[in-house]
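# Analysis of the macromolecular model
Residues per chain are reported as follows:
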Amino acid sequence: MEVSSEIKFNYDIADIAECESYLLEEMKFYLVVYHPYQVLIDINEQIKLRKASLQAAWSIINDSFRTDLILVYPPHVIALASLFLSRVVDQGELSELEAQQWFADLNVDVTDILQVVNEMVALYSTWKSYAENKMPDMVSRFISELDAAV
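These figures come from a predicted structure and were not determined experimentally.

The rules we used
- Counting restarts for each chain, with residues numbered from 1 along the sequence as it is written.
- Residue-level local features of this predicted model are given only where pLDDT is at least 70; pairs of side-chain atoms are given and counted only at 80 or more, and the full residue set underlies all totals for whole chains, interfaces and linings.
- Side-chain measures were taken over the full set of non-hydrogen atoms in the model, leaving aside hydrogen atoms and water.
- Strands are runs of DSSP state E lasting at least 2 residues, helices are runs of H or I lasting at least 4, and numbering of each runs from the N terminus.
- The span you would expect from a helix comes to 1.5 Å times its residue count less one.
- Only protein chains enter the accessibility calculation, which uses a 1.4 Å probe; a residue whose area is less than 20% of its type maximum is buried, one above 50% is exposed, and one in between is partly exposed.
- Throughout, the arc means that of the directions going from the helix axis to the C-beta atoms.
- Any residue with relative accessible area above 30% and no salt bridge may belong to a patch, with like charges joined within 9 Å and the nonpolar Val, Leu, Ile, Met, Phe, Trp and Tyr side chains within 5 Å.
- Every accessible area reported is derived by Shrake-Rupley at a probe size of 1.4 Å, with residue values counting cover from the shown protein chains alone.
- Just to be clear on terms, a salt bridge is a Lys or Arg side-chain nitrogen sitting within 4 Å of an Asp or Glu carboxyl oxygen.
- Only Phe, Tyr and Trp rings are paired, with Trp represented by its six-membered ring, and only when their centres lie within 6.5 Å; those with planes under 30 degrees apart are stacked, over 60 edge-to-face, the remainder tilted.
- Per-residue confidence from the predictor is reported as pLDDT, a score between 0 and 100.
- Only the stretch in contact is used when a helix axis is fitted, and all axes are lines through C-alpha atoms; the angle between N-to-C directions ranges over 0 to 180 degrees.
- Reported orientations rely on four angle classes, namely roughly parallel under 35 degrees, roughly antiparallel over 145, roughly perpendicular from 65 to 115, and oblique for the rest.
- Crossings are assigned a handedness: left-handed for a near helix turned anticlockwise from the far helix by less than a right angle, right-handed for a clockwise turn.
- Residue contacts follow a heavy-atom distance rule, with two residues in contact if any of their heavy atoms lie within 4.5 Å.
- In this classification, the charged set is Asp, Glu, Lys and Arg, the nonpolar set is Ala, Val, Leu, Ile, Met, Phe, Trp, Tyr, Cys and Pro, and all remaining amino acids, among them Gly, are polar.
- Residues belong to a common nonpolar core when they are buried Ala, Val, Leu, Ile, Met, Phe, Trp, Tyr or Cys residues joined through side-chain atoms within 4.5 Å.

## Observations concerning helix α3 (residues 51-64)
- The end-to-end C-alpha distance of α3 is 20 Å, a good match for the 20 Å that 14 residues give at a rise of 1.5 Å each.
- Buried within α3 are the following residues: S53, A56, A57, I60, I61, D63 and S64. Around the axis of α3, the buried residues are gathered within 160° of arc, so they sit on the same side.

Have a look at this one:
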């Protein structure tokens, strides 16, 4: 597939790298991201997930790094959302009522968990409908809309 040579971008990789260095400098090079994997491991020690459930939750956490969720929500919320989604994929050993009770007993804002779940579902929906052969047309349309707005 050939990308149209008419598409021109005002910035190249060097410009983006320069902006990244300015951003890091402003942050005093302090960017600590806590990962949800340890929370998942700790929860697994308590409730003993089946291997398939644990692998599904781990994969969902991996996918969450393709979004900004890791910067917006604390790790325990992402880990719990991944457990919630893995429950959909693999029912696990808990009954439906036991799973509902387990989530209800948590001292966590369920709204945050559901927001993360919705973000992940939106990500998976985007991946499902993605078609690489349509990208040049979409980029061209986006650029023409930007030009029209300016």
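## Concerning a nonpolar patch on the surface
- Together, L24, F29, L31, L71 and V72 make up a nonpolar patch on the protein surface, roughly 520 Å² of accessible area in all.
- Of note, F29 is situated in the loop between α1 (13-26) and α2 (37-47).

## Here's the deal with the packing of aromatic side chains
- The tally for this structure, following the rule as stated, stands at 3 aromatic pairs.
- A ring pair is formed by Y37 and F65, whose centres lie 5.9 Å apart and whose planes are at 10°; its orientation type is stacked. A residue pair is termed long-range when its members are at least 10 positions apart, and Y37 in helix α2 and F65 in the loop between α3 and α4 (69-72) qualify at 28 residues.
- For Y37, a relative accessible area of 18% corresponds to the buried category.
- Accessibility expressed as a relative area gives 30% for F65, which makes it partly exposed.
- Put simply, the rings of Y37, W58 and F65 pair up and form one aromatic cluster.

## With respect to the confidence of the model for the chain
- For the chain, the average pLDDT comes to 81, and 88% of its residues sit at 70 or higher.
- Here helix α6 (residues 96-105) stands out as the element of the chain with the lowest mean pLDDT, 71, in contrast to α3, whose mean of 90 is the highest.

## As for the packing of α2 against α3
- Between α2 and α3, the least distance of the axes is 11 Å, while the angle of their chain directions is 165°. Classed by the angle they form, the pair α2 and α3 counts as roughly antiparallel. When you trace α2 past α3, the crossing you get is right-handed. Where α2 approaches α3, its residues Y37, L40, I41 and N44 are matched on the opposing element by L54, A57, W58, I61 and N62.
- For the contact of α2 with α3, the residue count by class is 7 nonpolar, 2 polar and no charged.

## Looking at the nonpolar core
- Judged by nonpolar contacts, the single largest core of 22 residues is most densely connected at L83, V116 and M120.
- Contributing elements (two or more residues each) for this core: α2, α3, α4, α5 (75-89), α6 and α7 (110-129).
- Sort the elements by how many residues they give to this core and α5 lands first, with 6 residues.
- Ignoring sequence-local partners within four residues, the contact set of V116 consists of L69, Y73, V77, I78 and A81.

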